[in-house]
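If you want the building blocks of each chain, they are given just below.
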Amino acid sequence: MSNRTLAILKPDCVQKNLIGEVITKITGAGFKIISMKMVHLNEKSAGGFYEVHKERPFFNDLIKYMTSGPCVPIALEKENAVEDFRKLIGATDPAKAEEGTIRKLYADSIEANIVHGSDSDENAKMEILHFFSRKELLENHG
Ligand code: CMP
């Protein structure tokens with residue numbers, strides 16, 4: 001799955017009615033949507049997804065934010081997907097993100113940063129399977 005990555009359009013993206021604009025940027029950059037859904041995460045699901053950050057000082061706030069409203073996980077495909085998607089979204093902190101990146105354009109803060117992108121091929125695989133079954137991914141592919 002090295003040509004896949006997981007995006008999440010986060011609750012601030014949905015709240016600000018930016019789903020369409022952000023997806024246009026993503027598909028315009030050459031990513032193909034393999035599967036997509038709108039979900040309102042509960043604490044267990046958000047906590048499981050961000051398990052790697054559970055000792056970080058921002059963890060509790062992150063879970064509160066990620067469960068504050070619906071979000072839109074999207075399984076994406078493109079050659080060099082993980083790296084290219086991270087370039088497209090920009091740095092975690094929008095203040096440090098490059099001009100033209102999705103976070104620079106739309107994000108308000110390091111927490112409410114509009115979109116998530118997997119940080120490695122290994123995590124991309126796990127993160128995609130957090131939201132989509134193998135069956136869904138196979139059915140929607142091609
Ligand atoms: P994301 O790329 O989804 O990965 C972890 C998330 O934690 C990050 O985006 C932000 O939404 C949030 N976060 C809040 N504070 C920080 C911080 N200081 N460093 C990194 N991530 C943070």
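This text follows the structure it describes.
None of the values given here were measured: they were computed from a predicted structure. (Residues numbered from 1 in each chain as written. Predicted model: local features only at pLDDT ≥ 70, side-chain atom pairs only at ≥ 80, totals over all residues. Heavy atoms only, no water.)

Draft legend 1. Summary view of the overall build of the protein chain. Of regular secondary structure, the protein chain possesses 8 helices and 4 strands. Seen in sequence order, the protein chain has helices and strands lined up from the N terminus as β-α-α-β-α-α-β-α-α-β-α-α. A globule of 142 residues ought to have a C-alpha radius of gyration of about 14 Å, and the protein chain, at 14 Å, matches this closely. Based on the C-alpha atoms only, the size of the protein chain along its principal axes is roughly 40 × 35 × 25 Å. (Helix = DSSP H or I, 4+ residues; strand = E, 2+ residues; numbered from the N terminus. Rg over C-alpha atoms; globule rule 2.2 N^0.38 Å.)

Draft legend 2. View of the sheet that holds strand E1 (residues 4-9). Strands sit in the order E2-E3-E1-E4 across an open sheet of 4 strands; the sheet is antiparallel. Each edge of the open sheet carries a strand with a single partner, namely strand E2 (32-36) and strand E4 (115-117). The average undirected angle you get between the axes of adjacent strands in this sheet is 25°. Bridging between E1 and strand E3 (residues 72-77) involves 6 bridges; their strand directions are antiparallel. Looking at the pairing, Thr5 lines up with Leu76 of E3. Where helix H5 (residues 81-89) meets the sheet, it contacts E1, E3 and E4, and its direction lies at approximately 150° from that of E4. (Pairing = 2+ DSSP bridges. Axes fitted to C-alpha atoms, helices over the stretch in contact; angles between N-to-C directions. Contact = heavy atoms within 4.5 Å.)

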